[in-house]
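# Structural description and commentary
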Amino acid sequence: MLLFSYLLMSGVTTGALYALVALGLVVVNKATGVINFAQGEFFMFAGFVAWTLHVQFGMNYPLSFLLAVVVGFVLGALTDRIAFRPIDKNDIVSLVLATVGISFMLKGLARVIWGGKADYLSFPPITSPDPIMVGPIMVIPQQLAVLAGTLIIMLVFAAFFRLTRAGKMMQATADNARAARLVGIRTDHIYTLAFGTGAAIAGAAAVLTAPLTLLYPDIGFTFFLKGFAAAVLGGLTSLPGAVLGGLIVGVVESLAGGYIHSSVMELSPFIVIMIVLVFKPTGLLSFHKARRV
Amino acid sequence: MFGRRNVMLALLALAAIAPPFANGYQIFVGNLVLIYILLSIGLNVLVGYAGQLAFANAAMFGIGAYTTGLLQVHFGWPFWAAFPCGGLLAAAVGTALSLPALRMSGLYLALSTLAFAQATQWVFLHWDAVTFGAGGFKTPHLSFDPIPISKPLGLYYLSLILAVLLYIFARHMVASRVGRAFVAVRDGEVAAESLGIDLLRYKALAFGISGLYAGIAGGLYSALLNFVAPEGYDLFQMIIQKSTIVVGGMGSVAGSVLGAAAIILLLELLREFKGVQEIVFGALLVGFVLFMRGGLVSVLQRYVRGWDEPLHAVKPRAEPAPLPNPEPQTSPVEK
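Residues numbered from 1 in each chain as written. Chains lettered and ligands numbered in written order. Predicted model: local features only at pLDDT ≥ 70, side-chain atom pairs only at ≥ 80, totals over all residues.

### Digging into the overall build of chain A
Operational definition: The way it works is that DSSP assigns letters per residue, a run of H or I at least four long becomes a helix, a run of E at least two long becomes a strand, and they are numbered from the N terminus. In this setup the radius of gyration rests on C-alpha atoms only. A globule is expected at 2.2 Å times the number of residues raised to 0.38. Whether a residue is buried, exposed or partly exposed follows from its count of other C-beta atoms within 10 Å of its own C-beta, namely 20 or more, 12 or fewer, or something in between, respectively; the C-beta atoms are built from the backbone. A pair of residues counts as a contact when their C-beta atoms, built from backbone coordinates, are within 7 Å of each other.
Scanning chain A for helices and strands turns up 11 helices and four strands. For chain A, the C-alpha radius of gyration of 19 Å lies close to 19 Å, the compact-globule estimate for 293 residues. Across the 293 residues of chain A, 53% fall into the buried class. When contacts within chain A are restricted to residue pairs at least 6 apart in sequence, those whose partners lie at least 24 apart make up 75%.

In structure tokens, the structure reads:
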């Protein structure tokens, strides 16, 4: 029971982080129809920026969090300008290769800047690292902090979509870009905003994750694949679906890691992606019309 | 005079005559270029001609290398028996990978093959009993016994012969019915099907051919390094191979040769600086996609006679639909 509750708890925590990465992917995919292959590298890069600010410059955690999110947004917006806006939207090969190129540039940049210090950088915990017992369940305070942070980000995000003018414009563009353009929405700006928002969410996820794991330049790809598995499980255009998908991937992976073998965890995204894309390409939360994938 | 045929023949003559006068390192780099020419041609058939954006080529390369190496180590097979098996197994796995490709296209195919490549890495890393895990293993020394030739030179000439044969094979294939079918599938699946092209067969064929080329290259690579380890077949390997076709020119077999040579020379110049390599190759991908969509070969096609490949030219960039874009009356989203 203790093992199970521990695995469940850590599964929900990592699942919440996958959900954030998936959310970023879905925001971009909904608005623009492409998958941003550099999403994982935004995550990694923002995490390193937060590490530099927090550990090297001694800035406090909330401030470095905010700055990392801003850096994420800027990286995302730049990616839109460099690797999305100038490219013919029907040319999928070019669209994919351009964001793949961006992802490798960021990875190399991180290796050049931070790689020399140590292969793995550790981020100091923001709460006490000792586990506490809530009834029969063992909880690590850092996990609670991550869950709370994730929940807040999701709420802010939902409010942004429902309540603000920019959020509504994004929804309109996602629904029908041509119609949105006809009523005077500058869809190009919306695309920039979508890329930026997606990257900002990834940045926030990175700063939440950093105290739980170590940072290294290759971390981005793992999170990207798992985030994509989560997004695909939720149907790729559904925001609640992305959250649910993230939680499922996190919990299943944690249980498989605990009861079968820890190395199985790395295989989970492959299995999920293959099964969902081959057998149920519309994802879990969309039951209507078949979509061409 | 400087047409494709003459240039390629001159390069071949150089490649055939130079090695006895070159030092060991130069032969090694030359051999590496030949191996990447094989990889690049195979990938170009799949991505450039058949339009299937797959990311599993590095995994096929690894399967070829591992099969060739492991059959020698575990069963004591000679290289000459293990090497063809590596190529065939990679071709078989490649063909099997075309099954998901039938149901997916574009982004989804890219991601599922990426996940497949990651799963292959996982097998290389964790199936310790067979693959020796993360540390990799040494392959037996290759000898060309009855023929009196040293191992580096022998392997070089073996690679050269295979590269020339497979180059000629690819040139003829893409100019045949099969090549035209690939291009038709790339430019429009529905249209291709309505012309009587069996999508299943041609997609499987494209994946199988690229797997075969990658598997053969993998076998040669394992013999060249005398060593096989998982990190040789990872994502970075994938980006190198993708760069060779993007830089050389997608949808051009000759472009693959130019791209592979250019990329390997660049890689050797930047050896020891992994971070810089990643930045440079990432920037090359973005730069060529943005500014030179057809790769190096498109420049040659524009300015030098005798390089055109009319049927298989890269799809011209579609003009963006002339949508009216009036200045919006309302305030834009961001100031």
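Once the structure has been displayed, the description carries forward.
### What about the overall build of chain B?
Secondary structure assignment for chain B yields 14 helices and two strands. Along the first, second and third principal axes, the C-alpha atoms of chain B reach 80 × 50 × 50 Å. For chain B, buried positions account for 50% of its 335 residues.

### A word on the nonpolar core
Formally: For the purposes of this analysis, a nonpolar core is taken to be any set of buried Ala, Val, Leu, Ile, Met, Phe, Trp, Tyr and Cys residues that are connected through C-beta atoms within 7 Å.
Counting residues in hydrophobic clusters, the biggest one holds 203 residues, and the most contacted among them are Ala19(A), Val21(A), Leu23(A), Ala46(A) and Leu38(B). Once residues lying within four places of it in the same chain are set aside, the contact partners of Leu23(A) are Phe157(A), Ile201(A), Leu239(A), Ala242(A) and Val243(A).

### Regarding the interface of chain B and chain A
Residue-level contacts link 45 residues of chain B with 46 residues of chain A. Elements with a minimum of two residues in the side of chain B that touches chain A: helix 4 (79–103), helix 5 (106–126), helix 11 (235–248) and helix 13 (274–291) of chain B. The element that contributes the greatest number of residues to the side of chain B that touches chain A is helix 13 of chain B, accounting for 13 residues.

### Concerning the confidence of the model for chain B
Detail in the predicted coordinates should be disregarded across regions flagged by low pLDDT. All names here are of chain B. Applicable threshold: Per residue, pLDDT measures the predictor's confidence, with a range of 0 to 100.
Predicted confidence across chain B gives a mean pLDDT of 84, with 92% of residues reaching 70 or more. In this model, residues 316–335 is a region of pLDDT below 50 whose contacts with residues beyond four sequence positions or in other chains number 20 contacts. Across the interfaces of the predicted complex, the ipTM metric reaches 0.82, alongside a pTM of 0.85.

### A look at helix 11 of chain B
Residues and elements named next belong to chain B. Rule in force here: In this scheme, a helix's expected span is set at 1.5 Å multiplied by one less than its residue total.
The end-to-end C-alpha distance of helix 11 is 20 Å, a good match for the 20 Å that 14 residues give at a rise of 1.5 Å each. Burial runs high along helix 11: 12 of the 14 residues are buried. Buried within helix 11 are the following residues: Leu235, Met238, Ile239, Ile240, Gln241, Lys242, Ser243, Thr244, Ile245, Val246, Val247 and Gly248. A positive backbone phi angle near 135° is found at Gly249, which sits one or two residues after helix 11.

### Description of the environment of Ile263(B)
Residues and elements named next belong to chain B. By the secondary structure assignment, Ile263 is in helix 12 (residues 253–269). Spatially, the C-alpha atoms of Ile263 and Val33 are 8.6 Å apart, while their sequence positions differ by 230 residues. Beyond its immediate stretch of four places on either side in the chain, Ile263 contacts Tyr36, Ile240, Ser243, Thr244 and Val247.

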